Amino acid sequence: MSQAASHSPLVFDLLSPASAQDAQSIFHRLRAQEPIHWSPQLQGWVLTRHADIANALRDPRLVAGPMTGQFERLPEEARKQLLPLRDAVNMWMGHTTHEGHLRFQSLLKRYFTPRTVENLRPRIQAITDTLLDAAAAKGGSIDLVQELAIPLPSSVIAEMLGVPLTDEYMLQRWSRDLTAVFSAFDVQQLLRSQQSVMEMMNYMRDVLAQHRRAPSENILEVFVRAQSEGLVSEEEILSNCALLLFAGHETTARLISKGMLNLFQHPEQFAKLREDASLMPQAVEEMLRYADVVGFITRLTVAPVEFGEQVLQQFQMVYLSLAAANRDPEVFAEPDRFDITRKPSKHVAFGFGSFYCLGAALARLEAQVFFETLLRRFPHVRPVKDTQPTWETRPPLNRELRALPVEL
């Protein structure tokens with residue numbers, strides 16, 4: 001039955017802005033009627049049930065590293081042009097072989113220990129205070145996304161990689177371009193991504209050389225020691241530094257910006273949080289579940305895989321909708337209700353199993369420090385009257401919050 005579902009009566013335009021605005025209703029229909037859905041548009045399978053996605057993330061027959069498969073579908077001339085990008089992506093943790101992923105994961109676990117993350121709290125607090133001081137000094141309205149949500153985690157990951165904060169805005173530009181690698185179906189966007197990846201790697205080459213001259217206890221030191229042990233190459237270090245600069249702030253920025261919007265849209269929940277700061281950890285978990293912080297992650301089948309009666313054949317793309325899994329009524333009571341007192345929460349916003357995000361504890365800490373500080377200092381923060389958030393479509397079925405005007 002490998003592609004019998006391609007004749008499904010369920011047909012959706014998964015790449016349009018209109019679909020992205022109404023993604024959850026599409027997910028609900030797919031999950032109820034065709035949870036293992038073949039999309040001719042994506043030339044891949046779309047999974048929407050929590051149980052199926054958890055199983056897929058555990059199954060060694062579905063591998064990370066499907067980017068190469070995406071590149072191979074491009075016209076020959078485009079494949080040639082994008083060869084440097086493909087080579088760089090093939091070295092990224094989570095996009096390499098399973099063994100390569102575990103190798104990098106074990107290295108970074110040396111750094112991302114509970115103690116190391118907790119030791120970052122004073123620095124996260126200081127950066128948050130500095131950003132809020134600057135926002136308050138402006139008076140009037142600010143854009144929470146560009147002035148708070150993005151700069152906080154990008155400053156933190158930059159410091160962790162030995163990058164001067166004076167270069168932070170350059171890193172943010174590169175990171176914006178990198179997003180296309182995960183969502184673009186456009187060669188010109190991928191070429192821009194390639195240019196930014198190459199620039200980031202060259203930039204990090206200089207930062208790494210400076211680190212070797214004057215070492216400090218950060219992520220680079222973990223990589224340098226691993227290289228001396230023969231565990232990683234120089235190009236792998238540079239490629240994964242580029243990935244970390246992107247991944248190390250993108251998810252947290254979405255969590256903060258979309259989480260803030262969730263609170264504005266649910267004033268009774270916002271009031272609860274203002275009144276009881278002890279609810280903050282649960283509130284952040286509910287934001288992670290509800291806010292579509294991560295839309296899809298992709299996998300490639302390296303052997304046939306059965307999901308119920310459906311057989312996914314070898315070398316097919318699989319799109320795992322974390323956003324759909326996090327609203328599965330089989331797992332979450334009243335899944336479309338935003339409830340900061342919900343517990344426990346079995347959301348999969350940070351992945352699952354061996355592909356659980358190494359930076360999850362850091363993202364949680366950054367969000368908790370941010371919201372605790374914001375609500376303590378500016379408890380009456382509100383959206384600017386008669387303005388709307390600005391969205392950017394990120395196919396398939398995802399939107400990025402690009403601007404959220406607020407008054408402190």
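Owing to the predicted nature of the structure, the values given are computational and were not obtained by experimental measurement. Just so you know, the residues in each chain are numbered from 1, in the order the chain's sequence is written. Local features in this predicted model are restricted to residues of pLDDT 70 or higher, and side-chain atom pairs are both shown and tallied only at a pLDDT of 80 or more, whereas totals for entire chains, interfaces and linings draw on every residue. The basis for every side-chain value is the complete set of heavy atoms in the structure, and neither hydrogens nor water enter the calculation.

(A) Quick look at the pattern of salt bridges. Counted as salt bridges are all cases of a side-chain nitrogen of Lys or Arg within 4 Å of a carboxyl oxygen of Asp or Glu. The full count for this structure, using the stated rule, is 26 salt bridges. Between Glu250 and Arg254 there is a salt bridge whose closest N-O contact spans 3.8 Å. One end of the pair, Glu250, and the other, Arg254, are both in helix 16 (residues 234-265), four residues apart, so they sit about a helical turn from each other. Remark: exposure states derive from per-residue accessible area (1.4 Å probe, protein chains only) relative to the maximum for the residue type, with buried under 20%, exposed over 50%, and partly exposed in between. Here Arg254 falls in the buried class, since its relative accessible area comes to 12%. Residue Asp336 is joined to Arg327 by a salt bridge in which the shortest nitrogen-to-oxygen separation is 2.8 Å. Among the residues examined, Arg327 registers a relative accessible area of 7% and is labelled buried. The helix count covers DSSP runs of H or I at least four residues long, the strand count covers runs of E at least two residues long, and both are numbered beginning at the N terminus.

(B) Highlighting the nonpolar core. Counting 115 residues, the largest nonpolar core has Leu161, Met204, Ile219 and Met260 as its most contacted members. It is helix 16 that provides the largest number of residues to this core, a total of 15 residues. Contacts: residue pairs with any heavy atoms within 4.5 Å of one another. When sequence neighbours within four positions are dropped, the list of residues in contact with Met260 reads Leu144, Phe270, Phe371, Leu374, Val381 and Leu404. Side-chain atoms within 4.5 Å are what join buried Ala, Val, Leu, Ile, Met, Phe, Trp, Tyr and Cys residues into a set we call a nonpolar core. Within the second largest apolar cluster, 17 residues are counted, among which are Ala23, Ile26, Leu30 and Leu300.

(C) Spatial organisation of the sheet that holds strand 4 (residues 141-143). Ordered by their spatial adjacency, three strands build an open sheet running 4-12-9, and the pairing between neighbours is antiparallel. With one partner strand each, in any of the chains shown, strand 4 and strand 9 (382-383) form the two edges of the open sheet. Strands are treated as partners if at least two bridges between them are detected by DSSP. Pairing of strand 4 with strand 12 (residues 405-407) involves three bridges; the strand directions are antiparallel. Opposite Ile142, over in strand 12, you have Val406 as the bridge partner.

(D) Structural view of the confidence of the model for the protein chain. For the protein chain, per-residue confidence averages 88 on the pLDDT scale, and 93% of positions sit at 70 or higher. Per residue, pLDDT measures the predictor's confidence, with a range of 0 to 100. Residue range residues 1-6 is modelled with pLDDT below 50. Its contacts to residues more than four positions away, or to other chains, number 18 contacts.

(E) Region of interest: unusual backbone geometry. Along the chain, Lys343 connects to Pro344 via a cis peptide bond; the corresponding omega equals -10 degrees. As for its placement among the helices and strands, Pro344 is situated in the loop between helix 19 (322-325) and helix 20 (360-377). Along the chain, Pro395 connects to Pro396 via a cis peptide bond; the corresponding omega equals -5 degrees. As for its position among the elements, Pro396 is in the loop between strand 10 (390-393) and strand 11 (399-403). The phi dihedral of Asp292 falls on the positive side, at around 55 degrees, and the residue is not glycine. Along the polypeptide, Asp292 turns up in the loop between helix 18 (280-290) and strand 5 (296-301). Here Asp386, not a glycine, exhibits a phi torsion of approximately 60 degrees, which is positive. Residue position: Asp386 is located in the loop between strand 9 and strand 10.

(F) Inspection of the packing of aromatic side chains at higher detail. Pairing of aromatic rings covers Phe, Tyr and Trp, the last counted by its six-membered ring, and requires centre-to-centre distances within 6.5 Å; plane angles under 30 degrees mean stacked, over 60 mean edge-to-face, and any other angle means tilted. In the structure shown here, the tally under the stated rule is nine aromatic pairs. Pairing Phe264 with Phe270 gives two aromatic rings, centres 6.0 Å apart and planes at 65 degrees, and the pair type is edge-to-face. The exposure classification of Phe264 matches that of Phe270, with both residues buried. With centroids separated by 5.2 Å and ring planes inclined at 55 degrees, the aromatic side chains of Tyr290 and Phe338 adopt a geometry described as tilted. Here the residue Tyr290 occupies a position in helix 18, and Phe338 occupies one in the loop between helix 19 and helix 20, the gap between them amounting to 48 residues.

(G) Focus on the environment of Leu144. You can see Leu144 is positioned in helix 10 (residues 144-149). A C-alpha to C-alpha distance of 8.7 Å links Leu144 and Met260, two positions 116 residues apart in sequence.

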